[in-house]
Amino acid sequence: CSSCCQVALTHISNYFYWLYPVAYISVSPSAFPMERHRSSGGEHVNPAYDSTLDEPPLYEESNEHRTVRPSVVSAFGHDTLDRVPNIDFYRNAGSVSGHRAVRPSLQELHDVFQKVMPDTVEDDGEGSDGTPFDDLESGPPPKAEKGAVKFGWIKGVLVRCMLNIWGVMLFIRLSWVFGQAGWGLGTVVIVLSCVVTTITSLSMSAICTNGVVRAGGAYYLISRSLGPEFGGSIGLIFACANALAVAMYVVGFAETVVDLLKDNDMLIVDPINDIRIIGIITVVVLLGISVAGCSILTILLLIILLVAIVNVFVGTFIPATETKKSQGIFNYNSKIFLDNFAPDFRGETFFSVFAVFFPAATGILAGANISGDLKDPQKAIPKGTLLAIVITGITYLAVALCVSATIVRDATGNITDAILNPGKPCNGSTAAACELGFDFSSCETETCDFGLMNNFQMITLVSGFGPLIIAGTFSATLSSALASLVSAPKVFQALCKDNIYTALRFFAKGYGKNNEPIPGYILTFFISVAIILIANLNVIAPIISNFFLASYALINFSCFHASWAKSPGWRPAYKYYNMWLSLLGAVLCCVVMFVINWLYALLTYGIELLLYIYVTVKKPAVNWGSSTQAVTFVSAVGNALSLSGVDDHVKNFRPQILTLTGSPRARPALLDLAHSFTKTYGLCLTCEVFVGPRSEALQDLNAGMERNQMYLRKTKRKAFYAAVACDNFRDGTESLLQASGLGRMKPNTLMIGFKTNWRTAGAEGVQSYVGILHDAFDFEYGTVVLRINEGLDVTHIVEAEGRYESFFRLFGLICRNNYAYKKNRKSSQQVLVVKMNEKLLEASAQFKKKQPKGTIDVWWLFDDGGLTLLLPYILTNRKKWKDSKLRIFVAGQPGRTEQDKKEMRSLLHKFRIKCSEIIVIDDIHVQPSDNSLQKFQGMIEPFRLHDGSKGAAQAGAMKKEYPYKITDEELSSFEEKTNLQIRLNELLQEHSKSASLIVVSMPIARKESISDFLYMAWLDTLTKDLPPTVLIRGNHKSVLTFYS
């Protein structure tokens, strides 16, 4: 590559020298690579932004007749560039279902006809608004391989949800729940669980039919609705919850196996360790099945489960044998049914029983979790999930009622307890069994082994064929575990693809024809194994239930929030939802969380809050059009309208600054100081005027809006970018002064840099600059002018940086395999740019860093309402300026120094503004030195008219020819004011030469009395050869008050 680069350099260097002769340097293959940028309109482009995406599509020039789609011609009857509405115009880049088409822009329809419009473009990784995306739905999807499996609503959603809901509770806990709560409250438990899941499903249906649903399940729905903060926090919790659910279901399976081993005296080690051994073996087998994608097993498990459920109903109709009767199992009997109606809580409460049952209802997201593998998620998720809730809810209720009508609460299991004397009176809790011929009264004083209250295997005993129930238990637990084992990696993969947690990016990679998340499977496996080692179902279940309920609560809240925001983009195809019902569902989920276990609920919300804070601080670069954005907008409009109805008050005054920075990168020192004044507590507008022909200026303006605002966000400047296009700079600024802001949130202070080149800028440039200051005073703006000796404008450095990048981008294409080139790329770029003007760059960055100990010298010479004092006081409250102390300089009369100082100290005390020192200057009136006067005369000499020695006619002709020049009469009339500016500079040199920042009251030039060049000479003389100096003049309305 080295020899290749040397040859290339010969040609490229010649090109570079021709294009950029001023900045030309010799380079070597490893020296100066730079990242890709584009210089647009003399402005440098934000390095965080791909500027090429702002360019309009490239069209081939052609003199041939424009070709258009036949549909356009047939629809309108003539050749036109306009396009009829088409779905391809609304696709994101990288759309799976088709290429994104580019509609003609407004400029292409409105401007002079020149270009040929292509119908479609290849996916290029950009969004429809011209900005790069790195999120799931708009980034280029992985290339689909042939043979990728997509599921319909039955196999993909209905079957998976039913398998997940028909869990371990169906066969080994349902009878116990109805024994404790009775079938009256037991029905309430099932119905309440179904209400929570049904409301959540309705909300989920509304969300998933409001646009295309990609992979990620609950995480995708929540994140796209509420934003990355909520989605990122709940997504990680939900993925972990599914991983923990694998462990819970596997432990349930292992417990059943261990019970069988115990019954047959075949324990491997002991019950606890046996659960661990069997659990780990089971999860290894399930992992292999998940990775292999054996969908046949899913159907097989469902068939076994259905047969087992039917077996329960069949068993209740088979005549009970004496053995079954001794175990409390009878055929359908109204006395048993009525006896089991009322609750009989023994060491439990309604809520604790509800907590045991509710995990059975947490499988409703099994279908949504594989949304990326569904053919049509919008139709499949609502239909499959709701039908699964109906079927499983009816099944749970039917099995529970059948059991309640056939099994008594307590039984001994002894055939000898049959009543031989039918005349014996029957009383107590075992009265129903007594009337049916069995005496279980001993169960009232001691714990029996059978009955609804005492044996978790009663459903197995009541069934027609017991082994089928065991097989059904295995099927229920394994199917739920398998569903969770598939869901967890899929959700985690979707979360990692969005790059919200950058450290987890590795887990976004998929493999095989179905893009299987193999790293996610491995992580889920290890999490499951760790939890399986606990080997206690009662410890694992409450944590999982709370995690799932937290997800359900946010799904419901997402639906409510999106409806409440009333965004025009909220148009779900599924109409059977209600925003208040969704809110009720969210509240119910939160209540159920605390009912199940308040400690775990607090832990869940604590973890979610920490993750929320983390994502909020990190601010991932994604934009999903969330309802949070919509509500923020609505709130902002509401607050702005509320402010409009309230009059301004001096106590609430804060500087709202309109800063003429040009591009935000052009004058960083000016932007940084303005930002220090406003921070996050006031309005800061960084404004740019594009001067030139409107057609050209508008193109630059539109291209830079988003780019410059993104630069402000990236550099953490709490400011807004605004731009106008105008024929001249002053008219553009006047438009900004009049129209900027909204309601009460309007700028009240203009901040501008000092025009250091005023002596060479020409009459038009000076008149425009001074005219802007006059306009600001006319519109009653406070005015701030910043001067730094080294200058403010770094545009030439920005442009040079862009030129270097253009060169080295081309150079990099040839030598991109050169290791040294890659290694030194960024550092070489920075060294080159810095060497161009080290002092200017250092001065431009001085307000970014923390200021050392020093003083801010405030020369408050004229009462302008207090702005000259307020702005430096605000600076001292900023972290970067906290080590700077205020020194106040005021003008005083000779002999009154102490009195003037006392009066100023009293005023500052009332204003509650602290300063380190008050200095009274009582010699301002002294004549400036001859040397200073001579320097001033030399400064204005090129701009003097020297009309005093001429005749009246000749003087009049000179004034008419050079109306902007300084006349002798004007110079004489304002001699005292001129001398004041010269004398003030001498005093500033004497007292404030070592200050960190100087703030001086700005002199005002009366319109049509003082020429523009004389006024600029005043400002220049006043501020020259000083540390950073700020001239301030308020609008002479009070911004300070000492009243409460």
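Everything numeric in this text was worked out from a predicted model, so none of it was measured.

Moving on, we come to the pattern of salt bridges. Enumeration according to the criterion identifies 21 salt bridges in this entry. With a closest N to O distance of 2.6 Å, D1020 and R787 form a salt bridge. Separated by 233 residues along the polypeptide, D1020 in helix α37 (residues 1012-1023) and R787 in strand β5 (residues 782-787) bring together distant segments of the chain. Judged by relative accessible area, which is 13%, R787 ranks as buried. The salt bridge partner of R887 is E917, with a shortest N-O separation of 3.9 Å. Of this pair, R887 sits in strand β7 (residues 884-891) while E917 sits in strand β8 (residues 917-921), and the two are 30 residues apart along the sequence. Given the relative accessible area of 14%, R887 is considered buried. On the accessibility criterion, E917 (37% relative accessible area) is partly exposed. Connected through shared salt-bridge partners, D344, R346 and D410 make up one network.

To continue, consider the state of the cysteines. Disulfide: a covalent bond connecting the sulfur atoms of a pair of cysteines. Per the counting criterion, the structure on display carries one disulfide. Disulfide partner of C443: C448, at an S-S distance of 1.8 Å. Handedness of the C443-C448 disulfide follows from its S-S torsion of about -110 degrees: it is left-handed. The residues C443 and C448 share a single accessibility class, namely buried.

Right, let's talk about the sheet that holds strand β3 (residues 720-726) for a bit. Strand order across the open sheet formed by 10 strands is β3-β2-β1-β4-β5-β10-β9-β6-β7-β8, with mixed pairing between neighbours. Strand pairing shows two members of the sheet lacking a second neighbour, β3 and β8, which therefore form its edges. On average, each strand axis in the sheet is inclined to that of its neighbour by 20 degrees, with strand direction left out of account. Lying over the sheet, helix α36 (residues 975-991) contacts β6 (854-859), β7, β8 and β9 (997-1001), oriented at roughly 160 degrees with respect to β6. On top of the sheet, α37 reaches β5, β9 and β10 (1029-1033); it is set at about 130 degrees to β10, its chief contact.

Relative to each other, helix α19 (residues 537-565) and helix α20 (residues 579-596) sit at 160 degrees, their axes nearing to 8 Å. Taken together, the axes of α19 and α20 are roughly antiparallel relative to one another. By crossing handedness, the relation of α19 to α20 is classed as left-handed. For the contact of α19 with α20, the per-class residue count stands at 18 nonpolar, six polar and no charged.

This next bit is on the confidence of the model for the protein. Summarising the model, the protein shows a mean pLDDT of 79, and 80% of its residues fall at 70 or more. In the predicted structure, residues 1-72 sits below a pLDDT of 50 and forms 159 contacts with residues beyond four places in sequence or in another chain. Across residues 115-145, confidence stays below pLDDT 50; counting only partners more than four residues off in sequence or on other chains, it has 86 contacts.

This part takes up the pairing of β6. Looking along a regular strand, one sees the side chains alternate between the two faces of the sheet. Counting buried positions along β6 yields five of six residues, so the element is predominantly enclosed. As paired strands, β6 and β7 are joined by six bridges and run parallel to one another. Considered in β7, the bridge of T855 is made with K885. After leaving β6, the chain enters helix α31 (residues 867-876) and then returns to the sheet as β7, a path that is right-handed. Pairing analysis gives four bridges linking β6 to β9, with the strands arranged parallel.

Rules behind the numbers
Residues numbered from 1 in each chain as written. Predicted model: local features only at pLDDT ≥ 70, side-chain atom pairs only at ≥ 80, totals over all residues. Heavy atoms only, no water. Salt bridge = Lys/Arg side-chain N within 4 Å of Asp/Glu carboxyl O. Helix = DSSP H or I, 4+ residues; strand = E, 2+ residues; numbered from the N terminus. Buried < 20%, exposed > 50% of the residue type's maximum accessible area, 1.4 Å probe, protein only. Disulfide = S-S within 2.5 Å. Pairing = 2+ DSSP bridges. Axes fitted to C-alpha atoms, helices over the stretch in contact; angles between N-to-C directions. Contact = heavy atoms within 4.5 Å. Parallel < 35°, antiparallel > 145°, perpendicular 65-115°, else oblique. Left-handed = near helix turned anticlockwise from the far one by under 90°. Nonpolar A, V, L, I, M, F, W, Y, C, P; charged D, E, K, R; others polar. pLDDT = per-residue confidence, 0-100. Right-handed = clockwise from strand over helix to strand, strands pointing away.

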